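Residue strings, one per chain:
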Amino acid sequence: MYPRITVNTKKIRHNTGIVVKLCSRQGVSVAGVVKATCGMPEVAKAMLAGGATMLGDSRLENLEKLAPFQVPRLLLRLPMPSRAAEVVQHAEVSLNTETKTVKALGKAALKQKKSHGVILMLELGDLREGLPLDQLSRAVREVMSTGGIRLLGLGTNLTCYGGVLPDPDNLGVLTAAASRVQSEFGIMLDLISGGNSSSVHLLEKGLLPEGINHLRLGESILLGRETAYGETLEGAYGDTFALLAEVIEAREKPSLPQGKRGWDAFGKKPVFQDRGLRKKVILAVGRQDVHPENLTPLEPGVSVLGAGSDHLLLDVTEAKAQYQVGDTAAFRPNYAGLLQLMTSPYVHKELIK
Ligand SMILES: *Cc1c(COP(=O)(O)O)cnc(C)c1O
C-alpha cells in the first residue's frame, strides 16, 4: 500500500548499540527518544534491545503506548499543569522548570500513590525551556519539599531554538551547578542530563564534561547522525527509514507554466526557469503528509519540483529509470520529514524486522 514509510527496526537496534557503546564508555546512560516515530512501540523495543535504559517522548499519548516496557518513561516537553494526573500516570519522570507545575504533579502523584521523578532544566543559552542559574537553589528547595515528587537530577537542552551548540563550557556550567546543589543540600543527584543528539559529537571527541551521566537521544539513533555538525556516526545506518510513493501521472511537460500567473495553492509566487520540455511525474503524496524540502530522492537524477497538499511533482528527465504510471519512487526523509510522515494517518507504516 502506498504511500508508505518503511521502518527498519533491526537498523534502529544496531544504531542504538553504536550510540550506547559510545555513551557507556564515558558512564553515560541513554534515554531512547521515540517522538519522531510517534512513540512507535516496535521502535522503542529496538532501542531497548540496543541498550537504551529509558524511553523519552514529548507527548503523553505516545508515552501511554509505551506502558508495557519495564523502563522509566520520560516526558520531554514541560508538563501542562492541567494534565498533571496523566503525566504521573504515563511518565515516571518529567523535565520541569515551573515549581507550580511540580506541585500539581506532586498532588497527582500522592493521589495515585506514586512517586514522580523530576529533572530540573537549566537555561544555558539556547533559550527554550530552562531555569536561570540564580533561581536554581530556590527551585531545588521547593521541589525537594513537594510530597509525591523525587528530585532525580538536573538537565539542559541545547540546539533547539537558538541553535546553540553544547560544548565543555556550557555543559560545564551544568555539572558545576549539580555539584553545588549536591553540597548545598547534602543530596546525591542520580541524573545529570546533558542534552540531545547535538551532544554526541562531544562523546566522540572525549569532550563531554565529567559528571554528565545521561543523554536523551532521538535523531542520532534513528538517522545515525549527530546533529551539531550533521556527521554520520561511524558504523551507523543512515537508511533506517524510506518513503515509497506511487506515480499517478508521467508525462513530458514544459518547465514554464503558461498563462497569467498569480499565487500557488499556498499563497506563494513561484519562480521558474525555462529548461524546455521535461519528463515529469506526479506522486500520490503531498504536503498534508510531508513537506517536499524534507525529502531526498533515492534515485540519482530525480529532483523534487514542489508539492501541493496531495501531489508531489518530480523532474525525472535525468534519471536512468523510465517512470510510468503505477511505478514507485523512493525517498530518504530527514528528521522533520520523518516526524511528518509518521504523524500522517494517510501514510502506511511498514515494519522491516
Ligand atoms: C526531542 C528532544 C530530545 C531528543 O532530541 P534529538 O535531537 O532527537 O536527539 C531530547 N530532549 C528534549 C527535551 C527533546 O525535546
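Here the residue numbering is sequential within each chain, running from 1 through the sequence in written order. Whole-chain, interface and lining totals are the exception, using all residues; otherwise, since this is a predicted model, local features are given only for residues with pLDDT of at least 70 and side-chain atom pairs are given and counted only at 80 or more. As a rule here, side-chain values cover all heavy atoms of the structure and leave hydrogens and water aside.

A. Structural detail: the packing of helix H6 (residues 136-144) against helix H7 (residues 168-185). Interaxial angles span 0 to 180 degrees and are taken between N-to-C directions of axes, which are lines fitted to C-alpha atoms, for helices over the stretch in contact. Under the DSSP-based scheme used, a helix requires at least four consecutive residues in state H or I and a strand at least two consecutive residues in state E, with every element numbered from the N terminus. Where H6 contacts H7, the two axes come as close as 11 Å, and the packing angle between them is 55°. When the axes of H6 and H7 are compared, the pair comes out oblique. Between H6 and H7 lies a crossing whose hand is right-handed. Where H6 approaches H7, its residues Leu 136, Ser 137, Val 140, Arg 141 and Met 144 are matched on the opposing element by Ala 177, Val 181, Glu 184 and Phe 185. Classifying every residue of the contact of H6 with H7 by side-chain character gives six nonpolar, one polar and two charged. Roughly parallel means an angle under 35 degrees; roughly antiparallel, over 145; roughly perpendicular, 65 to 115; everything else is oblique. Each crossing gets its hand from how the near helix is turned against the far one by less than a right angle, where anticlockwise is left-handed and clockwise is right-handed. Residue contacts follow a heavy-atom distance rule, with two residues in contact if any of their heavy atoms lie within 4.5 Å. Classes in brief: Ala, Val, Leu, Ile, Met, Phe, Trp, Tyr, Cys and Pro nonpolar; Asp, Glu, Lys and Arg charged; the others, Gly included, polar.

B. View of the site of the ligand. Neighbouring the ligand are 14 residues, the closest being Lys 35, Ser 197, Arg 216, Gly 218 and Tyr 335. The side chain of Arg 128 places a nitrogen or oxygen atom 3.2 Å from an oxygen atom of the ligand. Residues adjacent in sequence count toward polar contacts only when both atoms are side-chain atoms; beyond that, a polar contact is any pair of N or O atoms within 3.5 Å, and within protein one must be able to donate a hydrogen and the other to accept it. Between an oxygen atom of the ligand and a side-chain N or O atom of Tyr 335, the distance comes to 2.6 Å. Taking 390 Å² as the accessible area of the ligand by itself, protein coverage stands at 93%. Counted by class, the shell around the ligand contains five nonpolar, four polar and five charged residues. A single heavy atom is enough: if one lies within 4 Å of a molecule or strand, its residue is considered near that molecule or strand. The protein chains shown are the only cover counted for residues, whose accessible areas, like all others here, come from Shrake-Rupley with a 1.4 Å probe.

C. Structural context of the pairing of strand S14 (residues 312-315). The rule for pairing is simple: two strands pair if DSSP sees at least two bridges between them. Sheet topology places strand S11 (residues 277-283) next to S14; four bridges connect them, and they run antiparallel. When the bridges of S14 are listed, Val 281 appears paired with Leu 314. Both strand S13 (residues 303-307) and S14 contribute to a ladder of four bridges, which runs antiparallel. If you follow Val 304 over to S14, its bridge partner there is Leu 314.

D. Representation of the packing of aromatic side chains within the structure. Two rings from Phe, Tyr or Trp (for Trp, the six-membered ring) form a pair when their centres are within 6.5 Å of each other. A pair whose planes differ by under 30 degrees is stacked, one over 60 is edge-to-face, and the rest are tilted. For the coordinates displayed, the defined rule picks out zero aromatic pairs. By definition here, charges over rings are those cases where NZ of Lys or CZ of Arg is within 6 Å of the ring centre and within 35 degrees of the ring normal. The positively charged end of Lys 11 is found above the aromatic ring belonging to Tyr 237, 4.9 Å away from the centroid.

E. Broad picture of unusual backbone geometry. Each neighbour pair has its own omega, and for Tyr 2 with Pro 3 the value is -10°, a cis peptide bond. Mapped onto the elements, Pro 3 comes out in the segment before strand S1 (4-8). Although it is not a glycine, Cys 38 adopts a positive phi angle of roughly 55°. Relative to the elements of secondary structure, Cys 38 occurs in the loop between strand S2 (29-33) and helix H2 (41-49). Of note, the phi angle at Leu 127 is positive, near 65°, even though the residue is not glycine. Secondary-structure assignment places Leu 127 in the loop between strand S6 (116-122) and H6.

All we've got here are geometric facts, nothing functional implied.
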